[in-house]
Amino acid sequence: MGKKKQTHDFYHQLIEGLHEGVWLVDKHHNTTFVNQAMADLLGYEVADMLHKNIFKFMSEKESTVWKHLLIQYAKIKSYSRGLELLHKEGHGIYVRISLSPVFDEQDEYDGTVIGVVDDTDLRHQDHQLKLLSSAVEQSATLVVITNEMGMVQYVNPKFCELTGYAADEIIDQNIKILRSSSFKASELAEVWKVIVSGNAWQGEVSTKKKNGETFSSLMSISPIKNEQNEVINFVAVGEDITRLKDAQSRIEQLAYVDSLTGLANRVLFRDRIEQVLKNIKRSRFDAALLYLDLDQFKRINDSLGHDVGDALLMNVADRLRDCVRHQDTVARMGGDEFVILLTNIDGVAGATLVARKILQIMNKPIRLLSHEIIITPSIGITMAPADSLNADILLKNADLAMYRAKSQGRNNYQFFTDEMNAKATRHLEIENELRMALDKDQIEIYFQPQVSIKNRELVGVEALVRWNHPERGILSPDQFIQVAEETGLIITLGWKILKQSCIQWCTMKSKGLEIPKMAVNLSSRQFRDPNLLEMIQAIFDRTGFNPLNLELEITESLLMDDMEHAISVLKQLKDIGISISIDDFGTGYSSLSYLKRLPIDSLKVDRSFITDIPNDKDDIAITAAVIAMAHKLRLKVVAEGVETQAQLDFLQKNHCDIGQGYLFGKPMKLGDFLKHQ
Ligand code: C2E
Ligand code: CA
Ligand code: CA
């Protein structure tokens, strides 16, 4: 720039007098001159700027662009545009600059003169932007700004709150990472097409949060263009409409309900059954599907009119609802067909109970619009998981079984499989016969001796029930106790057993055999019976039996259902002098620790542990340990099912207190028992 250096003072003063900055750089972009205004604008002394490369006064981003511009364009023509320079303190200064190349005598590029104007307009815009951004920052709607490639440049706090991303985790990421799988890639491409062409797009978008959950938002995406009408940014503004969607789904729920009866419809039922089947594998209970068709409904509908028909369907719906528990589902499949899903039931027996209840309730006549009507159902039943774990197959099974019920003369129920039908029939027979047995003194008590292992002395008896069936002979409790439990007959049966046992014990006493303890089994239904204590007390009063001679045997499972209630019942029993023993110990929860909390007197080690002694090492170890630990808890130990001398020897060595089993005597009728002694 040799010649230009010899500038007149006039020019110098002129330049220094300018409000605009003047900046001269050589061909290497090093500063050869700046005026005071320029230095002031950037907060430097003139001397500080001299010889420094102009790019030092720009952010890296700007300098990259400008290097290019200076080199490519400045040599050819004058150029003007906005630029952000860096103030000495680090903040940006918006300026508008004009460039003119300088050529030497050989017309070679020698440097650039740059006029720099503080761009107050731009600054104003910047201020506006800040204002705007604080509005955006506090906005209740989410805001995302991306560049033209879809790379996120800005997100507001609402966005962070809704998505769980921190701003710096999402910035510079492609917006695509927010797409949830329910928003298809092809849909996104569609949106993209609209906005890159410069148009705004609005619609519902399912957005994936950082943790993978999704939420629905109503989005509008607008492209932002520069002066050249090129799209440079996209601004997306969205509203979280999850709650709105929830409301919508509630409305959809209405579509799940049968409008006439208010029952679940086919769609909802489908949903429920899938749900139940999904969980059933983890459950030890069964589910049952009942398909129910009203017998001769068409005839009623045709002869009495649709109003009566509708009223009847509503009435049936109500009655069906009354037959099931809260967790079960009753649905109308259409016409006069209903389905019922029973969950957590106890096998065929549980399903039978409900089916019979339905038949019983439906067989009562009802009055509808001045007509007396009896409408009976035919019911088909299928069981899960036994029959299938597939909803379609189950529905088909139940439907088939329902047709079988129709062909069997209607007004009855049929299971899908013959085996289940047989089981249900047997169940029903037993129940009916047991009812009669209770009236006809077919219930008998057998006594089995319990002896001291130390000296073989008779220390107790266990009273065991037998059913002296007129055709089938003596039935063991395994053949009828479960039915008695399920039908509630156990209450009456249990009462009879206890009363007879007490009477017979008194008979033995009168014959000179006073047995210290008589053990009687108590089932869980009896244990939960609120009248239990009253009943026992009444028996004592009638028979003169001394409570101190009674021991009640209960099982572990019965205690686990409701431990607090169990403890309180046990305490009341103990208070009147009754002893308590835990039956079948080892087959259930077998936690000795909970036994500490219970007011009990003895443990009965289950027969299955004794059977394989002395051959099974595990059984030996378990039994020995149970005896030792029970003794620590001051509990007596009774070994069940003692059949051999070897078993007795083992028990003796391990200080077991009492033995019961064929080795000492089978269960016997009173007369035999007396002879045996
Ligand atoms: P449990 O209470 O464990 O009764 C012991 C069962 O083992 C009895 O069967 C008895 O006959 C049998 N048993 C005794 N010693 C031996 C032996 O050395 N070897 C073998 N193989 N078996 C032996 P039972 O009388 O058929 O009773 C079966 C179950 O029925 C009883 O098991 C009990 O849970 C229930 N039960 C019996 N009587 C009643 C009752 O009056 N009320 C209630 N709720 N349940 C009863
Ligand atoms: Ca027992
Ligand atoms: Ca037992």
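Structural data are supplied above this passage.
Residues numbered from 1 in each chain as written. Chains lettered and ligands numbered in written order. Predicted model: local features only at pLDDT ≥ 70, side-chain atom pairs only at ≥ 80, totals over all residues. Heavy atoms only, no water.

This next bit is on the sheet that holds strand E8 (residues 201-208). Judged by pairing direction, the sheet is antiparallel, and its five strands sit side by side in the order E7-E6-E10-E9-E8 without closing on themselves. Every interior strand has two partners, whereas the edge strands, strand E7 (152-155) and E8, have only one. Adjacent strand axes in the sheet meet at a mean angle of 30 degrees when their direction is disregarded. Relative to strand E10 (residues 231-240), helix H9 (residues 185-196) is tilted by about 130 degrees, and along the sheet it contacts E8, strand E9 (214-225) and E10. (Pairing = 2+ DSSP bridges. Helix = DSSP H or I, 4+ residues; strand = E, 2+ residues; numbered from the N terminus. Axes fitted to C-alpha atoms, helices over the stretch in contact; angles between N-to-C directions. Contact = heavy atoms within 4.5 Å.)

Using the criterion set out here, one finds zero disulfides in the structure. Cys502 takes part in no disulfide bond, and the closest cysteine sulfur to it belongs to Cys506, at a distance of 6.7 Å. Residue classification places Cys502 among the buried positions, given a relative accessible area of 0%. (Disulfide = S-S within 2.5 Å. Buried < 20%, exposed > 50% of the residue type's maximum accessible area, 1.4 Å probe, protein only.)

Glancing now at the site of ligand 1. Inspection of the region around ligand 1 gives 22 residues, with Gln448, Arg466, Asp583, Glu643 and Tyr662 positioned closest. Here a nitrogen atom of ligand 1 and a side-chain polar atom of Glu643 are 2.5 Å apart. Here an oxygen atom of ligand 1 and a backbone polar atom of Tyr662 are 2.7 Å apart. Considering ligand 1 on its own, with 790 Å² of exposed area, one finds that the protein chains cover 84% of that surface. Residue assignment for the shell around ligand 1 shows that the elements contributing at least two residues are strand E19 (458-469) and strand E23 (579-585). For the shell around ligand 1, the element with the most residues is E19, which contributes four residues. By residue class, the composition of the shell around ligand 1 is eight nonpolar, five polar and nine charged. (Near = heavy atom within 4 Å. Polar contact = N/O pair within 3.5 Å; in protein donor to acceptor, adjacent residues only side chain to side chain. Areas by Shrake-Rupley, 256 points an atom, 1.4 Å probe, with all protein chains shown as cover. Nonpolar A, V, L, I, M, F, W, Y, C, P; charged D, E, K, R; others polar.)

Here we take up H9. Since the α-helix advances by 3.6 residues per turn, residues separated by three or four positions end up pointing in the same direction. Over its 12 residues, H9 extends 16 Å from the first C-alpha to the last, a length consistent with the 16 Å expected when each residue adds 1.5 Å. In the segment just after H9, Gly198 is the residue with positive phi, at about 95 degrees. (Expected span 1.5 Å × (residues − 1).)

Let us now look at the coordination of the calcium ion (ligand 2). Six octahedral donors around a metal ideally sit at 90 or 180 degrees from one another, while four tetrahedral donors ideally sit at 109.5 degrees. Distances from the calcium ion (ligand 2) to its protein donors, Glu462 (OE), Asn521 (OD1), Glu553 (OE) and Asp583 (OD), fall within 2.0 to 2.3 Å. Here the donor residues of the calcium ion (ligand 2) share one chain and are spaced in sequence as E-x58-N-x31-E-x29-D. The metal-metal distance between the calcium ion (ligand 2) and the calcium ion (ligand 3) is 4.0 Å, with Asp583 serving as a donor to both. One end of the pair, Glu462, is in strand E19; the other, Asp583, is in strand E23, and 121 residues separate them in sequence. (Donors = N, O, S within 2.8 Å, 3.2 Å for Na, K, Ca; no water.)

With 16 residues, helix H25 (residues 617-632) extends 23 Å between its outermost C-alpha atoms, agreeing within 8% with the 22 Å of an ideal straight helix rising 1.5 Å per residue. Asp619, Thr623, Val626, Ile627 and Ala630 are the residues of H25 that are buried. Mapping the buried residues of H25 onto a view down its axis gives an arc of 95 degrees, with all of them on the same face. Those residues of H25 that are exposed and aimed more than 90 degrees away from the buried face are Lys617, Asp618 and Lys632. Of the surrounding elements, those touching the buried residues of H25 are E23, strand E24 (602-605), helix H24 (607-611), strand E25 (636-639) and helix H26 (645-653). Backbone geometry just after H25 places Arg634 at a positive phi near 60 degrees. (Arc of directions from axis to C-beta.)

It is worth spelling out the pattern of salt bridges at this point. Scanning the entire structure with this criterion turns up 22 salt bridges. Linking Lys209 and Glu213 is a salt bridge whose minimum nitrogen-to-oxygen distance equals 3.7 Å. A relative accessible area of 45% means that Glu213 is categorised as partly exposed. Here Lys604 and Glu462 are joined by a salt bridge, their closest N and O atoms 2.8 Å apart. Of the two residues, Lys604 is situated in strand E24 and Glu462 in strand E19; the sequence distance between them amounts to 142 residues. Of the residues examined, Glu462 reaches a relative accessible area of 5% and is grouped as buried. Through salt bridges with shared partners, one network takes in Glu462, Glu553, Lys604 and Glu640. (Salt bridge = Lys/Arg side-chain N within 4 Å of Asp/Glu carboxyl O.)

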